[in-house]
Every structure is written in C-alpha cells, then in structure tokens.
Amino acid sequence: MSSKPEEDSYSDNFDRLPDALLLFIFNKLQDAKSLGNCLLVSKRFFSLTPFTDTIFVSIPTPHHLSKPWTAASYINTLRLLVHSLFLKPLKCFHHITAPKSATRSFDSSHHQPNAVLKNFKEIKSLHLELPSHGDDLGSDCGASFLKWKAEFGSNLETCIILGATSFERSNKFSSSSFCFQQKEQECMEQTLTDDELKLRVIWTISCLIAASTRHCWFKKILADHPIPILQRLLISDANKQGKLYMGTEKLVQLRNSMNSQKETLESSTLERTPVPELSMKLWYLPVLELPESGYVMRGATLVLIRPVAWTTERRNSDLTVGKLDLEGDGKAFSEAVREMIKVKKNYLMTMSSF
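By the naming in an unreviewed UniProt entry, the protein chain is F-box family protein, putative, taken from Theobroma cacao.

Here it is, written out as structure tokens:
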C-alpha cells in the first residue's frame, strides 16, 4: 500500500481553497508588485490575480531624474507669486489675486503606472503613492508641519490644509477644556501680521499646485487606461503629506468631463488642472495643545477651500469642515482640525483662478 508524498498532500490542501477565498487574500495583499509576483506562482494564480479589485501602486523614483518635487526648486517662484498678489488685510477679510503662470515642475511621463494597471481587469479601489523627492512642501518657507487633503471631480471640490511653524511632543498635561479656553483667549489677543499671512498663502498655493498636478496626472492615466468600474481613488505620497481623493460620483463627473473635452485635453500642455476661483476660510492659533495625541503646534493654521461657484450654489451652507471625512488622516491631524474649528475668529479670503 502506497501513499502520496507529504508535499503533494500540502499542495492538494492548498488547491482546495475556493477561488473566492484566494481573491479575498489578494485584495488584502493589495500591493501591485506582490500581486505581479503572484502571476508567476501557478496557472491558477495567473488566472485569478487579474480579478483583484483593490490595488496599491507605489511609483518608483526614476534614477536618472533630479528632484523636481523639492520645495527649494520652486520656492522662489512662489515667493514672487505671493509678492505680486494684491493683499489688502482688513479685520476679517482679504482679497487675493493669483496669476496663471506659476506651476510646479513635474514630468508625468516618467510616473505612468499603466504597465502595472493593465494586469488587472476589475479595479474598484486604487491607491497610487508618489515617490519622495526630497524636502516636504513648505519646509523652505517656515512650515515644519504641513498636510493637506483634497477632493476632486472634474475640478477641485474641497481642500483642507493644516500647517504649523512648529510641531513637537508636548511636555505638559492639561484638560482639553482648559486648553481650549487658553487658546481662545490667545486667539483674541493675537492676529496674523501681513508677513505671517503671506507665508500661509505660500503654503496654500503649494498645496493647491500639488493637488491639481496629481489630478492632471490621473486624467492622463485614465485616458490611456479607462479603469471602467473604478469606485475609489486615493493619490498620496511617500512623505504622507498630501492626499487626493475621489469617490464614485466624482469619478463619473471626471469621465463625463474628459469625454466632452477630449480635444482640449489632447492639445493641452498644462501639467496641472486649472484651479478655479476659490473661497477660503482660515483659522489661526499661536499655540495649539493636542492632549489626545500628545503634541503641541505653534503658529497653527487651518485653511478650508472650496470653489466660489460651490459656495454660490449653496448659499444656505456655511463654509465649514463639519462634513469632511477625516478618518484615516492621523490622530493629530483630526484632533487639530476639530479643535481649530471651535475658534470663533477666522479670516475669509478669495483667490482668483490660476
């Protein structure tokens, strides 16, 4: 009486796993490079892997390129841009006009993931992570902490920016209610100077350019690789500084816009999506204690941005962050946003399209 070798027994047991379970495992794996290796494991893996619907793609840094994303490479342009703006500070109103000439260098031809995406037929959720090219945005203009999150459809829908001149661990422990009373008092006693405001305009423009560049980059990807059933898109970066998000409804808007503007898109040389005229609300605190996450921020600044057309159509809706989804954005980020919107004093601004 003979028996099969032990290794055959293990192989048979693995083969008994249903296809649905294997796909579940692949969707948990997500990483496109690892899934690509799965294509080489067996014929069964080769046939199932393309049906993975949740994909993460980390874009590698091309070795032959310099550092087009460093803040130093374009900070002088931003400074000239801000100095050319019309800044007329009032107590709670500023009008800002931005020219259309400032863009950040980004060669998207070296960052196309289409060769990877073509291996997958039913992508519903896609996360693209851009490489790090040196310093964070804002690091050369006084921001030790600068994070942003933007939602797009065919154009910018919302953008929230959180920045600070200092972000470090807190050595003191106090109740959140006491901290808030102290911060509110400090806010009433101190306002932004013109130079401090200009600095925060630089932060804002930097983030808007980064977000609109990612949106334009994705439109080029979508033009070459339609991804017809995509329901969720996230574009982040290795430095974990900014996120561009699009849901099902916004992706439909983008597709419809691309179909109606196909000839314009093909002839356009702009490396970012134009930013429409914007309404902005800015909150500022000299010191912000974050007891839940254990940090303290100095020069803390929160900016909420929406298109003027959006606020005009929704006259009964205030420009607030109450309905923004901050889940997964980090404990300190979420706590800071929640605390800063409690502050009554804020600055209202408008910025021309650029």
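Back to the text.
Caption draft 1: Inspection of the pattern of salt bridges at higher detail. Scanning the entire structure with this criterion turns up six salt bridges. One salt bridge connects R214 with D237, and the closest N-O pair in it is separated by 2.8 Å. Residue R214 is located in helix 8 (residues 194-224), and its partner D237 is located in strand 7 (residues 232-237); the two are separated by 23 residues in the primary sequence. An identical accessibility class is assigned to R214 and D237; each is buried. Close ionic contact of R338 with E292 constitutes a salt bridge, the shortest N to O distance being 3.0 Å. Highlighted residues: R338 in helix 12 (residues 331-340) and E292 in the loop between strand 9 (278-290) and strand 10 (295-307), separated in sequence by 46 residues. By relative accessible area, which is 38% here, R338 ends up partly exposed. A relative accessible area of 49% places E292 in the partly exposed class.

Caption draft 2: Looking closely at the packing of helix 8 against helix 9 (residues 248-260). Contact geometry of helix 8 with helix 9 gives a least axis separation of 11 Å together with a crossing angle of 70 degrees. When the axis of helix 8 is compared with that of helix 9, the two are roughly perpendicular. Mapping the contact onto sequence places H215, F218, K219, L222 and A223 in helix 8 and L251, L254, R255 and M258 in helix 9.

Caption draft 3: Structural context of the state of the cysteines. One pass over the full model with this rule turns up zero disulfides. Of all cysteine sulfurs in the structure, the one in C159 sits closest to C207, which takes part in no disulfide; the separation is 6.4 Å.

Calculation rules
Residues numbered from 1 in each chain as written. Predicted model: local features only at pLDDT ≥ 70, side-chain atom pairs only at ≥ 80, totals over all residues. Heavy atoms only, no water. Salt bridge = Lys/Arg side-chain N within 4 Å of Asp/Glu carboxyl O. Helix = DSSP H or I, 4+ residues; strand = E, 2+ residues; numbered from the N terminus. Buried < 20%, exposed > 50% of the residue type's maximum accessible area, 1.4 Å probe, protein only. Axes fitted to C-alpha atoms, helices over the stretch in contact; angles between N-to-C directions. Parallel < 35°, antiparallel > 145°, perpendicular 65-115°, else oblique. Contact = heavy atoms within 4.5 Å. Disulfide = S-S within 2.5 Å.

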